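Okay, here's what each chain looks like letter by letter:
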Amino acid sequence: SPAGPQIVLSVYGPDFFGHDVVRGYGAVHVPFTPGRHRRTIAMFVPESTSRLQQFISWFTGRRPEFTDPRVVAQGEGREVTRVRSQGFVTITFNIM
C-alpha cells in the first residue's frame, strides 16, 4: 500500500448467549518516524441490512462478519456495507 503497512484489528467477545462474536473491526497505519506514537482507532461492526437478517442474527447469536481483513484495511466495499460504530481502541507504538 502506498501509505505503508497497517495493523488490522478484529476484536471478539461473548454475547448475551455466551457465543464468541465479533465486537469490532478497525485499522491504523503504522508510523514511520522514531518515537512514541499514540493512535486511537474507531472500531465498527457490519450490520444486517434487513429486519429479518437482524432477527436471525439475534436469535442464532451469529452476527455478520468480514471474512477478508483487506476489506477493513482498504475500506473497499465498506461504502456498500452498513456498519455501526462500536467504540475505540487506543494503541501506543514505540518506533526505533
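For clarity, every value in this text was computed on a predicted model and none was experimentally measured.

Quick notes on the rules
- Residues numbered from 1 in each chain as written.
- Predicted model: local features only at pLDDT ≥ 70, side-chain atom pairs only at ≥ 80, totals over all residues.
- Heavy atoms only, no water.
- Phe/Tyr/Trp six-rings, centres within 6.5 Å; stacked < 30°, edge-to-face > 60°.
- Helix = DSSP H or I, 4+ residues; strand = E, 2+ residues; numbered from the N terminus.
- Buried < 20%, exposed > 50% of the residue type's maximum accessible area, 1.4 Å probe, protein only.
- pLDDT = per-residue confidence, 0-100.
- Core = buried A, V, L, I, M, F, W, Y, C linked by side-chain atoms within 4.5 Å.
- Contact = heavy atoms within 4.5 Å.
- Pairing = 2+ DSSP bridges.

Below, the discussion takes up the packing of aromatic side chains. Within the structure shown, the criterion is met by one aromatic pair. Measuring from centroid to centroid gives 6.3 Å for Tyr25 and Phe44, while their planes differ by 45°, and the two rings are tilted. Highlighted residues: Tyr25 in strand β2 (residues 20–29) and Phe44 in strand β3 (residues 35–46), separated in sequence by 19 residues. Phe44 shares its class with Tyr25; the two are buried.

Quick look at the confidence of the model for the chain now. The predicted model of the chain averages 77 in pLDDT, with 61% of residues at 70 or higher. At the low end of the mean pLDDT range in the chain sits helix α1 (residues 51–60), at 62; at the high end sits β3, at 91.

Our focus in this paragraph is the nonpolar core. Ranked by size, the top nonpolar core spans six residues in total: Leu9, Val28, Ile41, Met43, Ile91 and Phe93. Going through the elements one at a time, β3 and β4 (83–95) are the ones with two or more residues in this core. Excluding anything up to four places from it in sequence, Met43 contacts Leu9, Val11, Gly24, Tyr25, Gly26, Arg84, Ser85, Gln86, Gly87, Phe88 and Val89.

Quick look at the environment of Gly87 now. Within the secondary structure, Gly87 is located in strand β4. Once residues lying within four places of it in the same chain are set aside, the contact partners of Gly87 are Ile41, Ala42 and Met43.

This part is about the pairing of strand β1 (residues 6–14). Both β1 and β2 contribute to a ladder of nine bridges, which runs antiparallel. Its bridge partner lying in β2, Ser10 is registered against Tyr25. Connecting β1 to the antiparallel partner β2 that follows it, the hairpin turn spans five residues, and Gly18 within it adopts a positive phi of roughly 85°.

Within the secondary structure, Ala42 is located in strand β3. Distance from Ala42 to Gly24, taken between C-alpha atoms, is 9.0 Å for residues 18 residues apart in sequence. Excluding residues within four positions of it along the chain, Ala42 makes contact with Tyr25, Gly26, Gly87 and Phe88.

The residue Gln74 is located in helix α2 (residues 69–74) in this model. Taking the C-alpha atoms as reference points, Gln74 and Gln6, separated by 68 residues in sequence, lie 9.7 Å from one another.

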